[in-house]
Amino acid sequence: MTKQGKFIKVFIVAENTIAFLYRNQQFMQVLPAGEHRLWDFSNTLTMKQFAANSMYYSDADSFYLIKTYPEVAELVHVWRLGNDELGLLYIDGQLCGVVAPGEILHLWKSAGEFRLDKVALTGDLEVARSVLEEIKHRGKNDSTKLIATKSSVKRAPVAMVEVKPQHASLLYVDGKFMRTLGAGTYGFWQLSNTVTVKNFDLRSRNQEVSGQDILTKDRVTVRVNLSATVKTLDPVIAAEQVENLDEYIYKSLQLALREVVGTKTLDALLEDKLYVNQTVKALVEQELHSVGVRLERVGVKDIILPGEIKAILNQVVEAQKAAEANVIKRREETAATRSLQNTAKMMENNPTLLRLKELESLEKVSEKVSNLNVYGGVDQLLRETVKLT
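Because the structure is a prediction, the values reported are computed rather than measured. (Residues numbered from 1 in each chain as written. Predicted model: local features only at pLDDT ≥ 70, side-chain atom pairs only at ≥ 80, totals over all residues. Heavy atoms only, no water.)

Digging into the pattern of salt bridges
Counting across every chain of the model gives 11 salt bridges. Its salt-bridge partner being aspartate 201, residue arginine 203 comes within 2.9 Å of it at the nearest N-O pair. Take arginine 203: its relative accessible area is 43%, and that puts it in the partly exposed class. Across the pair glutamate 296 and arginine 294 runs a salt bridge, and its minimum N-O distance is 2.9 Å. Given a relative accessible area of 37%, arginine 294 falls into the partly exposed group. (Salt bridge = Lys/Arg side-chain N within 4 Å of Asp/Glu carboxyl O. Buried < 20%, exposed > 50% of the residue type's maximum accessible area, 1.4 Å probe, protein only.)

So this is what it looks like as structure tokens:
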């Protein structure tokens, strides 16, 4: 605060305030807290104040004043970072933020106990586990929390990588492959480098090739659905050889399926579906192995025929089944006639057997009547009359 007298100016400096006295805009001295009465005959004295607990000394004249006046330099921490290093700024033992490469920090010593840990960006970029956890806990992995000048391009200081179980990730720095990451959580500094990862599922997985309309050798269009089981064995080779692994697997299976179906007639395909499975696998297996993938199984799920072809085949099947039924019926009739003929011959030569057959027939008839009256004994019954009521 400034009070104006006739030739005296009174400057009042509050606690937790740093004040610089200027005459004709030229730095004169640092004013401590309190009231200061100074002669000012030409009205050229001014004062500039800064909050002592604001941490950052940010002023247009800061570089000049720190370099020129020791009393100003004694009030400020000055740290410079190279273009190939970043800083971890701590105040009173707690992480305050990440400082971008190439930055110069001016911090008021009165704001707290500061510490700046420098991290080189020329070697391994992986963030130490303890630092990574602290950055996450303090919420400092955010472009808006990066300590940098307004003109700097800001981004999150750490590239977070989460690798799931049974997966692998390939780490690339500035487009160059560095190493393979197993399951876990990782962090990599990305303020001076571009960090990217490629993720791969190492489990067996299904690859469907569906809705393929293919012309057979005898010019019949069929729709074929194929299912295959694949497993990535070497993600490094896969990443080096192909850009999109799943698309490459799909195209390989699709082309092989079209080649196999196109060389067979419809009847041959329907008679031997295993031929398609075995041949497609033989055509594709080595090709996929060369890109780090194992083909475990191939199977045709469906062969769908056009409506008119399906109707014709149904008629053919019905005719075949009807013919088979007629053959069976004739065979059974022939067998029955032959059995009757043999029975008749046996009865002709054996009267006792004939009599037993008659009794058997009589027994079957008697089961279906309520009353049976027999006169004259069994002999009379067999020779003459049976009365049923």
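Thoughts on the pairing of strand β8 (residues 85-91)
β8 sits mainly inside the fold: 7 of its 7 residues count as buried. Here β8 shows a buried face lined by Glu85, Gly87, Leu89 and Ile91 and a second buried face lined by Leu86, Leu88 and Tyr90. Examined bridge by bridge, β8 and strand β11 (residues 114-120) share 7 bridges and lie antiparallel to one another. Residue pairing for β11: glycine 87 is matched across the bridge by lysine 118. The sheet contact formed by β8 and strand β9 (residues 94-99) spans 5 bridges and is antiparallel. Of the residues in β9, the one forming a bridge with leucine 89 is glycine 97. In this antiparallel pair of consecutive strands, β8 and β9, the connection spans 2 residues, and aspartate 92 shows a positive phi of 55°. (Helix = DSSP H or I, 4+ residues; strand = E, 2+ residues; numbered from the N terminus. Pairing = 2+ DSSP bridges.)

Observations regarding the packing of aromatic side chains
A full pass over the atoms with the stated rule returns 13 aromatic pairs. Considering the side-chain rings of phenylalanine 20 and phenylalanine 27, the 5.4 Å spacing of their centres and the 85° angle between planes classify their relative orientation as edge-to-face. Overall, phenylalanine 20 belongs to the buried group, its relative accessible area being 0%. Here a set of aromatic residues connected by ring pairs shows up, and it is made of Phe20, Tyr22, Phe27, Phe50, Tyr57, Tyr64, Tyr69 and Trp108. Lying over the aromatic face of tyrosine 90, arginine 115 brings its terminal NZ or CZ to 4.0 Å of the ring centre. Lying over the aromatic face of tyrosine 275, lysine 264 brings its terminal NZ or CZ to 4.3 Å of the ring centre. (Phe/Tyr/Trp six-rings, centres within 6.5 Å; stacked < 30°, edge-to-face > 60°. Lys NZ or Arg CZ within 6 Å of the ring centre and 35° of its normal.)

Here we look at a nonpolar patch on the surface
Side chains of Phe7, Trp39 and Phe41 sit close together on the surface and give an oily, nonpolar patch of about 390 Å² of accessible area. Residue position: phenylalanine 41 is located in the loop between β5 (34-39) and β6 (45-51). (Patch = residues over 30% accessible without salt bridge, like charges linked within 9 Å, V, L, I, M, F, W, Y side chains within 5 Å. Areas by Shrake-Rupley, 256 points an atom, 1.4 Å probe, with all protein chains shown as cover.)

Details of the nonpolar core
Of all hydrophobic cores here, the largest spans 34 residues; its most connected members are Val222, Leu226, Leu245, Leu253, Leu257 and Val280. Looking at this core, the elements that each hand over two or more residues are β13 (167-173), β17 (205-215), β18 (221-232), α4 (235-241), α5 (245-262), α6 (266-271), α7 (273-289) and β19 (293-304). Among the elements that take part in this core, α5 stands out by supplying 7 residues, more than any other. Ranked by size, the runner-up nonpolar core spans 17 residues in total, among them Leu86, Tyr90, Ala100 and Val127. (Core = buried A, V, L, I, M, F, W, Y, C linked by side-chain atoms within 4.5 Å.)

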